[in-house]
Amino acid sequence: LIQDFVACVARHATLRQLGDDSPYWVCAYANRQHDLGKEMQDDPTKTSFYRGMRLSKGLLLILNKEGYFGEIPAAPFTRIWCAFEL
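Here we summarise the structure given alongside this text. (Residues numbered from 1 in each chain as written. Predicted model: local features only at pLDDT ≥ 70, side-chain atom pairs only at ≥ 80, totals over all residues. Heavy atoms only, no water.)

What follows concerns helix α3 (residues 48–55). Think of an α-helix as turning once every 3.6 residues; residues three or four places apart then point the same way. All of the buried residues in α3 are F49, G52 and M53. Across the axial projection of α3, the buried residues extend over an arc of 100 degrees, all falling on one side. Away from its buried face by more than 90 degrees, α3 exposes R54 and L55. For α3, the side-chain oxygen to backbone nitrogen distance between the N-cap and Y50 is 3.2 Å, and the N-cap itself is T47. (Buried < 20%, exposed > 50% of the residue type's maximum accessible area, 1.4 Å probe, protein only. Helix = DSSP H or I, 4+ residues; strand = E, 2+ residues; numbered from the N terminus. Arc of directions from axis to C-beta. Polar contact = N/O pair within 3.5 Å; in protein donor to acceptor, adjacent residues only side chain to side chain.)

Moving on, we come to the side chain of H12. The topology assignment puts H12 in helix α1 (residues 2–15). Assessed through its relative accessible area of 18%, H12 is described here as buried.

A cluster of nonpolar residues, L18, Y24, L60 and I62, forms a patch on the protein surface that exposes about 280 Å² of accessible area. Mapped onto the elements, Y24 comes out in the loop between α1 and α2 (27–30). (Patch = residues over 30% accessible without salt bridge, like charges linked within 9 Å, V, L, I, M, F, W, Y side chains within 5 Å. Areas by Shrake-Rupley, 256 points an atom, 1.4 Å probe, with all protein chains shown as cover. Salt bridge = Lys/Arg side-chain N within 4 Å of Asp/Glu carboxyl O.)

So, on to the environment of Y24. On the accessibility criterion, Y24 (32% relative accessible area) is partly exposed. Between the alpha carbons of Y24 and L60 there is a distance of 9.1 Å; along the sequence they are 36 residues apart. Once residues within four sequence positions are removed from consideration, Y24 is found in contact with V9, H12, A13, L18 and L60. Within the local environment of Y24, its side chain forms a polar contact with the side chain of H12, the two groups lying 2.7 Å apart. (Contact = heavy atoms within 4.5 Å.)

Next up, the structure:
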């Protein structure tokens with residue numbers, strides 16, 4: 001799965017003609033996934049998640065394939081945090 005993610009990011013960078021030094025902010029790696037309670041705020045604009053999005057110049061949405069971990073295909077537009085990202 002990590003290899004698929006890295007391949008998607010590399011392909012995105014190639015298609016967008018981004019340099020090797022182009023940064024990517026990855027929510028899963030930037031937030032304390034094991035302790036999200038410390039990151040949660042009543043006002044979502046006060047979170048590092050929001051600040052990271054404000055600094056970004058675009059969005060790369062990578063969807064999982066059907067069958068990963070027995071999950072159904074990704075449905076990001078039905079999830080509130082994905083709608084917030086957009």
